[in-house]
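For reference, the chains in residue letters:
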Amino acid sequence: MAALPVDAISELSNLHPKPEHIHFQYGTAGFRTLGSTLDSVLFRVGILAALRSKKLDGKVIGVMVTASHNPEPDNGVKLVDPRGEMLENSWEAHATHVAAAPTTAALIESLSHLVKHAKIDLSKPARVVYARDTRPSGASLVKALEDGLKAMGAETRDAGVTTTPILHYLVRCMNTKGTKEEYGDDSEEGYMAKLSGAFKKLVTGKSALPPLIIDCANGVGALAATVLASHLGETLHIITLNDSTTTPGALNNACGADYVKTTQRLPPSLASYIQPGQRACSLDGDADRLMYYYADERGVFHMLDGDKIAALVAAFIVELVKGAGLEGEINVGVVQTAYANGASTKYLSERLPVKCVPTGVKHLHHAAEHYDVGVYFEANGHGTVLFSPETQERLSSHSPQTPAQSTAINHLLNLISLINQTVGDALSDMLLVETVLAHKSYTAVEWDSLYADMPNRLVKVVVKDRNIFKTEDAERRLVSPVGLQGKIDELVRRYEGGRSFVRPSGTEDVVRVYAEAVVKTQADELAFRVAGLVYDETGGDPAKRPKEFI
Ligand code: G16
């Protein structure tokens, strides 16, 4: 029976000591905090990735070094399971425990406990693929990760600087190579060829769309979007902006999907490029989120967020399923979170089954797996579409009765190749949106008119300890601090069409407040009032109370 390589771990662990007084926690999307504090975490994640691979009989595990939408000084790391999905829930607690060990001796003890508790056969091989985004802190954090992998004697592959969704794609490809579930060629080139090939087939015979502006958030998406553009050639004219990946401080700064969603504004850097009615989109720092938008003739900004993408895509897939003669046999459903705009939930639930789950792709992904075709999108633009294995099989083996049915089935099969089913993927989602727009001959304005958003506002509140905030009912209600939800309910009642909820962020050290109301000024007021309640209730320093909190 093989044992933990205690000597190698100890020797290398001493080079990566845990900083005192920092509590690392595996949150919504892995560990995420100031990059300069994460060295020990990366070393330990290397060990964890190897153990997870051993536990799964040598399947390839992914490690992505990124802090996605967060500002440049932040960084983070998350583990990717063999099918390209997020790390299994039960291992998040193991990861937190291992990262918390204060000393090398405590680390060995924590790892030994994990090996025993999870019944890991250490004689199995460990195979890990890893990548990072363009953050300046990434390179040294990868070195720490490599030390952890080395301590465990893992077989490794460095996928270099690439997007989060490409890393997820690689994991799935490597694990399915040579099987009947083969997902694609396990290279960035394979990813580009798969997506662009499917897109070209889907838009054959459709009128070319006007040029699309992509705001790359000055992140790794700029590199991938440029390669994709060359693969697409004439099929889709792409203009990439905000592609300064080496300019210090530029990443996600006044640009990117999160900026657009939270400020509900055009990135200022796009203002001189975008024509009235022209559609544009923003990626986030690691290209797993996507926001579309346009400015109208009067210069008024209109956002086409994850909810609008879900509405567009779900309706298109339902139409194709009907066209294929499979209505009633293949059921399409949608998964959202509490952040979904009330108008989108109303629009979608009048047409399809809709489920609400807590924030985090991992929750949406698992809920979407319960449908034959599960469309999941967070309002922030993070999402994808899942086709169950049975549905894929049924589509491949179905004999169409008419040429129209045959066309619809081909479109569905090509969509399966176009969509990155491992995780939300801004570039794949972008091609999906472009496909639907081309098929429906929609402009951004027509797409926007599917339903009118309820005015809404998202506010961040910095509190002493966000861990005291506990929620229930898919994060729509607070159970702790006790009594606060009652006060929020009391406020919400005073606003027409009012809705508001409070939850701790899993990626930033803040509490998020969301509010909706029939009138925009009322939505803003409700959000700031609730934010004020949160701030005061939790003992915020009155001198530092943001002045907009009413
Ligand atoms: C991550 C998660 C998303 C989540 C977002 C914000 O996105 O993958 O599912 O919506 O964080 O989470 P929170 O409100 O808990 O901070 P990303 O793009 O930052 O990796």
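Residues numbered from 1 in each chain as written. Predicted model: local features only at pLDDT ≥ 70, side-chain atom pairs only at ≥ 80, totals over all residues. Heavy atoms only, no water.

**With respect to empty space enclosed by the protein**
Spelled out, the test is: Within this scheme a cavity is a closed region of a 1 Å grid, computed over the protein atoms alone, that accommodates a 1.4 Å probe without allowing it to escape, whereas a pocket is open but has protein on both sides within 12 Å along at least five of seven lines; lining residues each have an atom within 4 Å of a point. Grid points are joined across faces, edges and corners, and a volume is the space filled by probe spheres set on the points. Helix numbers and strand numbers start at the N terminus; a helix is a DSSP run of H or I with at least 4 residues, a strand a run of E with at least 2. Only Asp, Glu, Lys and Arg are considered charged, only Ala, Val, Leu, Ile, Met, Phe, Trp, Tyr, Cys and Pro nonpolar, and every remaining residue, Gly among them, polar.
A full pass over the atoms with the stated rule returns two cavities of 30 Å³ or more. Taken as a whole, the largest cavity spans an internal volume of roughly 450 Å³. Forming the boundary of the largest cavity are 36 residues, of which Arg289, Thr359, Glu378, Asn380 and Arg512 lie nearest the centre. Going through the elements one at a time, helix H9 (256-263), strand S15 (456-461) and strand S19 (511-516) are the ones with two or more residues in the lining of the largest cavity. The element best represented in the lining of the largest cavity is S15, accounting for four residues. Here the lining of the largest cavity is built from residues that sort into seven nonpolar, 15 polar and 14 charged. Looking at the second largest cavity, its volume works out to about 40 Å³. Around the second largest cavity sit Tyr26, Gly27, Thr28, Ala29, Gly30, Lys78, Leu79, Met86, Leu87, Glu92 and Lys362, which together line it.

**Some remarks on the domain arrangement of the protein chain**
Condition: Domain boundaries shown here were taken from an automatic or database domain assignment. Here a residue-residue contact requires only that any non-hydrogen atoms of the pair lie within 4.5 Å. Buried area is understood as the total, over both parts, of accessible area removed when two parts are fitted together, assessed with a 1.4 Å probe.
Along its sequence, the protein chain is organised into domain 1 (6-161), domain 2 (189-300), domain 3 (306-448) and domain 4 (456-549). For domain 3 versus domain 4, the distance between C-alpha centres works out to 32 Å. At the interface, nine residues of domain 3 touch eleven residues of domain 4. Together domain 3 and domain 4 conceal approximately 820 Å² of surface at their shared face, both sides included; 53% is due to carbon and sulfur atoms.

**So, the pattern of salt bridges**
How we decide: Any carboxyl oxygen of Asp or Glu within 4 Å of a side-chain nitrogen of Lys or Arg constitutes a salt bridge here. Partly exposed residues are those whose accessible area sits between 20% and 50% of the maximum for their type, while under 20% is buried and over 50% is exposed, using a 1.4 Å probe and protein chains only.
Going through the model one piece at a time under the given rule, you end up with 32 salt bridges. The partner of Asp296 in a salt bridge is Arg298, and the shortest N-O contact between them spans 3.7 Å. For Asp296, a relative accessible area of 17% gives the class buried. Take Arg298: its relative accessible area is 71%, and that puts it in the exposed class. Lys308 is paired through a salt bridge with Asp453; the nearest N and O atoms lie 3.9 Å apart. Here Asp453 lies in the loop between helix H16 (444-448) and S15 and Lys308 lies in helix H10 (residues 306-323), a separation of 145 residues in the sequence.

**Topic: a negative patch on the surface**
To keep it simple, the criterion reads: Patch membership requires more than 30% relative accessible area and the absence of a salt bridge. Residues of like charge join within 9 Å; the nonpolar side chains Val, Leu, Ile, Met, Phe, Trp and Tyr join within 5 Å. Using a 1.4 Å probe, accessible areas were evaluated by the Shrake-Rupley method; residue-level cover was limited to the displayed protein chains. Only four residue types enter the tally: Lys and Arg on the positive side, Asp and Glu on the negative side; His and the chain ends are excluded. A charge is said to be at NZ when it belongs to Lys, at CZ for Arg, at CG for Asp and at CD for Glu.
Side chains of Glu182, Asp185, Glu188 and Glu189 sit close together on the surface and give a patch of like negative charge. In this structure, Asp185 sits in the loop between helix H6 (164-176) and helix H7 (188-203).

**Let's talk about H7**
For clarity, the cut-off: By definition here, a helix of n residues has an expected span of 1.5 Å times n minus one.
Look at H7: 23 Å from first C-alpha to last across 16 residues, which is about the 22 Å you get at 1.5 Å a residue. Along H7, the residues that are buried comprise Gly190, Tyr191, Met192, Lys194, Leu195, Ser196, Ala198, Phe199, Leu202 and Val203. Those residues of H7 that are buried lie in contact with H6, helix H8 (221-232), helix H14 (403-418) and helix H15 (426-440). Gly205, located one to two residues past H7, shows a positive phi value of around 85°.

**Examining the UniProt feature "active site" (unreviewed entry) in the protein chain**
Operational definition: UniProt positions are given in the numbering used here, feature names are shortened, and annotations may be inferred rather than shown by experiment.
Under the UniProt annotation, "active site" (unreviewed entry) lies at Ser68. Residue contacts for Ser68: discarding those within four places in its chain leaves Arg32, Asp133, Arg135, Asn252, Asp284, Gly285, Asp286 and Asp288.

**A closer look at the UniProt feature "domain: Phosphoacetylglucosamine mutase AMG1" (unreviewed entry) in the protein chain**
Under the feature "domain: Phosphoacetylglucosamine mutase AMG1" (unreviewed entry), the UniProt entry names residues 190-290 and 305-442. Secondary structure content for residues 190-290 is 34% helix and 13% strand, while the C-alpha to C-alpha distance between its ends is 22 Å. Helix makes up 54% of residues 305-442 and strand 13%, and the two end C-alpha atoms of the span are 16 Å apart.

**Quick notes on the sheet that holds strand S18 (residues 499-504)**
Heads up, the rule is: At least two DSSP bridges between two strands are required for those strands to pair. For helices, the axis comes from a line fit to the C-alpha atoms of the stretch in contact; other axes are also lines fit to C-alpha atoms, and the angle between any two N-to-C directions lies between 0 and 180 degrees.
With antiparallel pairing, three strands are arranged side by side in an open sheet as S15-S19-S18. What marks the edges here is a single partner per strand, and that holds for S15 and S18. Adjacent strand axes in the sheet meet at a mean angle of 15°, parallel and antiparallel pairs treated alike. Here S15 pairs with S19 via six bridges, running antiparallel. When the sheet's bridge partners are listed, Lys460 is paired in S19 with Arg512.

**Overview of the site of the ligand**
The cut-off we apply is this: Nearness of a residue to a molecule or strand requires only that one of the residue's heavy atoms be within 4 Å of it. Here a polar contact means two N or O atoms within 3.5 Å. Within protein one must be a hydrogen donor candidate and the other an acceptor candidate, and residues neighboring in sequence count only if both atoms are side-chain atoms. Occupancy of a cavity or pocket is assigned to a molecule whenever over half of its atoms lie within 2 Å of that pocket's grid points.
In the region of the ligand, 19 residues are neighbours, and His69, Glu378, Ser505, Gly506 and Thr507 sit closest. Note that an oxygen atom of the ligand is positioned 3.4 Å from one of the side-chain N or O atoms of Asp288. Within the side chain of Arg503, a nitrogen or oxygen atom sits 2.8 Å from an oxygen atom of the ligand. If the ligand stood free it would expose 460 Å²; the protein chains cover 98% of that surface. Placement of the ligand is best described as lying within the largest cavity. Among the residues forming the shell around the ligand, the class breakdown is two nonpolar, ten polar and seven charged.

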